[in-house]
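Chain residues, written in single-letter form:
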Amino acid sequence: MDETLEVTDQPMDWQQDLIATNLLVLGYNAWAGYLNGERGALICSTNAPTVGIAGEGFKTYFVRRSRLAAFLNAWLAA
């Protein structure tokens, strides 16, 4: 008997759910950061979400590529 798992039987990964739910906000912050000078990464802080009229919110930070290594080293050290 050949048993295969359907995609609908597996729960969605929370990261994918976060991106799907907040695609416009993430895209806007990434584009705004890019327009300020250079490529980089969008960092989302989900440690302390806020709840408001529009739902749950979180802080986003755009880290420029030239500062990304220092940011990641400091984050990993903490």
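Located above this text is the structure these notes cover.
Position numbers for residues start from 1 in each chain and track the written sequence from start to end. Owing to the predicted nature of the model, reporting of local features is limited to residues with pLDDT of at least 70; listing and counting of side-chain atom pairs is limited to 80 or more, with chain, interface and lining totals taken over all residues. Hydrogens and water molecules were not included; the side-chain quantities draw on all heavy atoms of the structure.

Draft legend 1. Fine view of the overall build of the protein. Each helix corresponds to a stretch of at least 4 residues labelled H or I by DSSP, and each strand to a stretch of at least 2 residues labelled E; elements are numbered beginning at the N terminus. Along the backbone of the protein there are 3 helices and 2 strands. N-terminal to C-terminal, the α/β element order of the protein is α-α-β-β-α. Contacts are assigned to residue pairs with any non-hydrogen atoms lying within 4.5 Å of each other. Long-range contacts, defined here as pairs at least 24 residues apart, represent 41% of the contacts in the protein between residues at least 6 apart. What sets the accessible areas is the Shrake-Rupley method with a 1.4 Å probe; for residues, cover comes only from the shown protein chains. Carbon and sulfur atoms make up 57% of the accessible area of the protein, which totals about 7,000 Å².

Draft legend 2. Quick peek at the layout of surface pockets. A pocket, in this scheme, is an open set of points on a 1 Å grid over the protein atoms alone with protein on both sides within 12 Å along at least 5 of 7 lines, while a cavity is a set where a 1.4 Å probe fits but cannot get out; residues line either one if an atom lies within 4 Å of a point. Grid points are joined across faces, edges and corners, and a volume is the space filled by probe spheres set on the points. Approximately 210 Å³ is the volume attributed to the largest pocket. If you trace the largest pocket, you find it lined by Ile43, Cys44, Ser45, Thr46, Asn47, Tyr61, Phe71, Leu72 and Trp75. Looking at the lining of the largest pocket, the elements that each hand over two or more residues are β1 (40–52) and α3 (65–77). Tallying contributions element by element places β1 first for the lining of the largest pocket, with 5 residues. Residue classes follow a fixed rule: Ala, Val, Leu, Ile, Met, Phe, Trp, Tyr, Cys and Pro count as nonpolar, while Asp, Glu, Lys and Arg count as charged, and any other residue, Gly among them, counts as polar. Its residues assigned to classes, the lining of the largest pocket comprises 6 nonpolar, 3 polar and no charged.

Draft legend 3. Fine view of helix α2 (residues 23–35). Helix span, as expected, comes to 1.5 Å for every residue beyond the first. Taking 1.5 Å of rise per residue, 13 residues should cover 18 Å, and α2 covers 18 Å from first to last C-alpha, within 8% of that figure. One or two positions beyond α2, positive phi appears at Gly37, with a value near 155 degrees.

Draft legend 4. Here's a closer look at the environment of Glu38. Along the chain, Glu38 turns up in the loop between α2 and β1. Taking C-alpha positions, Glu38 is 9.5 Å from Val63, a pair spaced 25 residues apart along the chain. The contact partners of Glu38, leaving out residues within four places of it in the chain, are Gly33, Phe62, Arg64, Arg65 and Ser66. Side-chain atoms alone can form a polar contact between residues adjacent in sequence; in general such a contact is a pair of N or O atoms within 3.5 Å, and within protein one must be able to donate a hydrogen while the other accepts it. Among the polar contacts made by the side chain of Glu38, one reaches the main-chain amide nitrogen of Arg65 at a distance of 3.5 Å. Within the structure, the side chain of Glu38 is placed 3.1 Å from the backbone nitrogen of Ser66, a separation counted as a polar contact.

Draft legend 5. Just a nonpolar patch on the surface, in detail. On the surface, Phe71, Leu72, Trp75 and Leu76 cluster together to form a nonpolar patch covering roughly 440 Å² of accessible area. Among the structural elements, Trp75 can be located in helix α3. Burial classes: relative accessible area under 20% of the type maximum marks a residue as buried, over 50% as exposed, and values in between as partly exposed (1.4 Å probe, protein chains only). Classification of Trp75 by relative accessible area gives exposed; the value is 57%. Within the patch definition used here, like charges are joined within 9 Å and nonpolar side chains (Val, Leu, Ile, Met, Phe, Trp, Tyr) within 5 Å, considering only residues with over 30% relative accessible area and no salt bridge. Salt bridges, as used here, are contacts in which a Lys or Arg side-chain nitrogen is within 4 Å of a carboxyl oxygen on Asp or Glu.

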